[in-house]
Amino acid sequence: MIDVKIEDSWKEILNDEFSKEYFLNIREKYRQAIKNAIIMPPPKFLFNAFWLVKFSDVKVVILGQDPYHNIENNIPQAHGLSFSVPLGVNPPPSLKNIFKELNRDLGLTIPKHGDLTSWAKEGVLLLNSILSVEHKKPLSHANFGWEIFTNRIIELLSKKRENIVFMLWGNYARSKKILIDTSKHHILEAPHPSPLARGFIGCSHFSKCNEILRNHNIKEIDWNLN
């Protein structure tokens, strides 16, 4: 069963969503799934992204598709933050490319871990469009209705906030542009950081993001994970 425990500012903003039919359907599908299979992230991390940064403190959104679906060293790779893995899990290839670009763009030392929790605490909403997945079955929960929920989150951020930097990496993330009011917010687009794609290295999104924030008198993100 989904126990929606999220930080109070999100609870206030999203309260109406939790009683809608689509979200009740998500609850039921998730309840059935977790009875019959290993689901990731672990339930306590399902809404992790909404614990670590308040609605009013979001400065940046980095959008992913669905959670990592493997277990490594007896640790689930997913912990409720897009592109991030918990301590004790090796950074996956896409995250390694993100770190390579951080190093190239800002000169930051490539970290030995892949836990992006500190970015979330800096004001980066690390949002997957689909919030759960079955072990070793990517996109297995694509039909749950999660995208209705996460699209609504993007729409509410767009409507109620200003000067958020949306980092859209890859065609899937870029498809969310229609949800964002570009007269109020800033979009940075690049190919997906996967090694299978080309063009992410060299996008300079981290320095560009901080320049945008600086120009609007918003405290920059400390991207250093070391």
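For the structure, see preceding data.
The following paragraphs examine the structure supplied in this document. Owing to the predicted nature of the structure, the values given are computational and were not obtained by experimental measurement.

1. Digging into the environment of Glu17
Take Glu17: it is sitting in the loop between α1 (8-14) and α2 (21-36). Between the alpha carbons of Glu17 and Ile153 there is a distance of 9.8 Å; along the sequence they are 136 residues apart. Dropping the residues within four chain positions of it, Glu17 is found in contact with Tyr22, Phe23, Phe149 and Arg152.

2. Brief notes about the packing of helix α4 (residues 93-106) against helix α8 (residues 205-215)
Running from amino to carboxyl end, α4 crosses α8 at an angle of 60°, the nearest separation of the two axes being 8 Å. Overall, the two elements α4 and α8 adopt an arrangement that is oblique. The segment α4 lies against α8, with Ile98, Glu101, Leu102, Asp105 and Leu106 engaging His205, Phe206 and Ser207. Across the contact of α4 with α8, the residue classes tally to four nonpolar, two polar and two charged.

3. Some words on the sheet that holds strand β2 (residues 60-64)
In spatial order, the strands read β5-β2-β7-β8; together these four strands make up an open sheet with parallel pairing. Both outer strands of the open sheet, β5 (124-128) and β8 (186-190), are each paired with one neighbouring strand and no more. Put simply, the sheet's adjacent strands are angled 20° from each other on average, direction ignored. The pairing of β2 with strand β7 (residues 165-169) spans three bridges and is parallel. By the bridge assignment for β7, Val61 is matched with Phe166. Against the sheet, helix α6 (residues 146-160) engages β2, β5 and β7, with an angle of about 150° to β5.

Cut-offs used in this document
Residues numbered from 1 in each chain as written. Predicted model: local features only at pLDDT ≥ 70, side-chain atom pairs only at ≥ 80, totals over all residues. Heavy atoms only, no water. Helix = DSSP H or I, 4+ residues; strand = E, 2+ residues; numbered from the N terminus. Contact = heavy atoms within 4.5 Å. Axes fitted to C-alpha atoms, helices over the stretch in contact; angles between N-to-C directions. Parallel < 35°, antiparallel > 145°, perpendicular 65-115°, else oblique. Nonpolar A, V, L, I, M, F, W, Y, C, P; charged D, E, K, R; others polar. Pairing = 2+ DSSP bridges.

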